[in-house]
Amino acid sequence: MGIYLIFIHLARGNTTSLSHLFRYFTDGQLYWKATFLYGLTWIYINCWSLLLFIPGIIKYYAYSMAPYILIDHPELTPNQAITQSRKMMDGHKVELFALHLSFLGWGILCILTLGIGFLWLIPYISATDAQFYRKIRGEMDPIDPTDHPPL
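Owing to the predicted nature of the structure, the values given are computational and were not obtained by experimental measurement. (Residues numbered from 1 in each chain as written. Predicted model: local features only at pLDDT ≥ 70, side-chain atom pairs only at ≥ 80, totals over all residues. Heavy atoms only, no water.)

Looking at the pattern of salt bridges
Taken as a whole and judged by the stated rule, the model has seven salt bridges. The closest approach of N and O atoms between Asp72 and Arg137, which form a salt bridge, is 3.7 Å. Residue Asp72 is found in helix α6 (residues 66-72), and its partner Arg137 is found in helix α10 (residues 118-137); the two are separated by 65 residues along the sequence. When the shortest N-O distance is used, the salt bridge between Glu139 and Arg134 registers 3.1 Å. What you see here is one network of salt bridges that share partners, running through Arg12, Asp72, Arg134, Arg137 and Glu139. (Salt bridge = Lys/Arg side-chain N within 4 Å of Asp/Glu carboxyl O. Helix = DSSP H or I, 4+ residues; strand = E, 2+ residues; numbered from the N terminus.)

Listed below in structure tokens is the structure:
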């Protein structure tokens, strides 16, 4: 959760510090909420995966914004954050899946570097996911295709 907190702060242009990384360890209530969030998400995804592999992937993407929602609304229960994520991702799961597929080539290159490249790729993907959350939440202005710099 600390990584999610850091990247959402950076995506919003806020300053961050190393203390954000450990915030969920210092506050007992936030720690247990984060732990239960990850536990519930794991249980739900694995239960859906028992049906077939594809429903598990769909639910992974449906629940993927739950950590960001819990960061923005710590008063929610983990189950409420998962439900909000599911509603928020309606119509956006394929978009996030395609975004993650765009990193496939980079992942292959990282494997060729014996995994060293993942030190750059994983933060890059985390920053992209934070920006995606901001986009579907409506925090970012949509890009106007007719708005381009003059020649």
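So much for the structure itself; the text now carries on.
Details of the packing of aromatic side chains
In the structure shown here, the tally under the stated rule is nine aromatic pairs. A ring pair is formed by Tyr60 and Tyr61, whose centres lie 5.0 Å apart and whose planes are at 80 degrees; its orientation type is edge-to-face. Look at Tyr60 and you get partly exposed, because its relative accessible area is 42%. For the pair Phe103 and Tyr124, a centre-to-centre distance of 5.4 Å together with 85 degrees between the ring planes defines the contact as edge-to-face. In this pair, Phe103 sits in the loop between α8 (93-101) and α9 (104-112) while Tyr124 sits in helix α10, placing the two residues 21 residues apart along the sequence. What makes Phe103 buried here is its relative accessible area of 7%. Classification of Tyr124 as partly exposed rests on a relative accessible area of 49%. A network of ring pairs unites the aromatic residues Phe25, Tyr31, Trp32 and Phe36 as a single cluster. The positively charged end of Arg23 is found above the aromatic ring belonging to Tyr24, 5.8 Å away from the centroid. (Phe/Tyr/Trp six-rings, centres within 6.5 Å; stacked < 30°, edge-to-face > 60°. Buried < 20%, exposed > 50% of the residue type's maximum accessible area, 1.4 Å probe, protein only. Lys NZ or Arg CZ within 6 Å of the ring centre and 35° of its normal.)

A word on a nonpolar patch on the surface
Residues Phe97, Leu101, Leu104, Trp106, Ile108, Leu109 and Leu112 make up a contiguous nonpolar surface patch of about 740 Å² in total accessible area. Contributions of two or more residues to the nonpolar patch are made by α8 and α9. No other element matches the five residues that α9 contributes to the nonpolar patch. Note on placement: Trp106 falls in helix α9. (Patch = residues over 30% accessible without salt bridge, like charges linked within 9 Å, V, L, I, M, F, W, Y side chains within 5 Å. Areas by Shrake-Rupley, 256 points an atom, 1.4 Å probe, with all protein chains shown as cover.)

Some words on the nonpolar core
When a protein is soluble and globular, its nonpolar side chains tend to lie buried together. Judged by nonpolar contacts, the single largest core of 28 residues is most densely connected at Met1, Tyr24, Leu37 and Met65. Counting residues per element, the ones that place at least two in this core are α1 (2-11), α4 (28-51), α5 (53-62), α6, α7 (78-88) and α10. Ranked by residues supplied to this core, first place goes to α6 with five residues. Aside from chain neighbours lying at most four places away, what touches Met65 is Ser85, Met88, Met89, Leu96, Asp129, Phe132, Tyr133 and Ile136. (Core = buried A, V, L, I, M, F, W, Y, C linked by side-chain atoms within 4.5 Å. Contact = heavy atoms within 4.5 Å.)

What about unusual backbone geometry?
Located in the positive-phi region is Leu114, a residue other than glycine, with phi close to 65 degrees. Its place among the elements puts Leu114 in the loop between α9 and α10. The class of Leu114 is exposed, set by a relative accessible area of 80%.

Focus: α10
Helix length check: α10 (20 residues) gives 28 Å between terminal C-alpha atoms against 28 Å at 1.5 Å per residue, within 8%. Taken residue by residue, α10 has Leu121, Ser126, Thr128, Asp129, Ala130, Phe132, Tyr133, Arg134 and Ile136 as its buried positions. Those residues of α10 that are buried are in contact with α1, α6, α7, α8 and α9. Once α10 finishes, Gly138 follows within two positions and takes phi at roughly 90 degrees, a positive value. (Expected span 1.5 Å × (residues − 1).)

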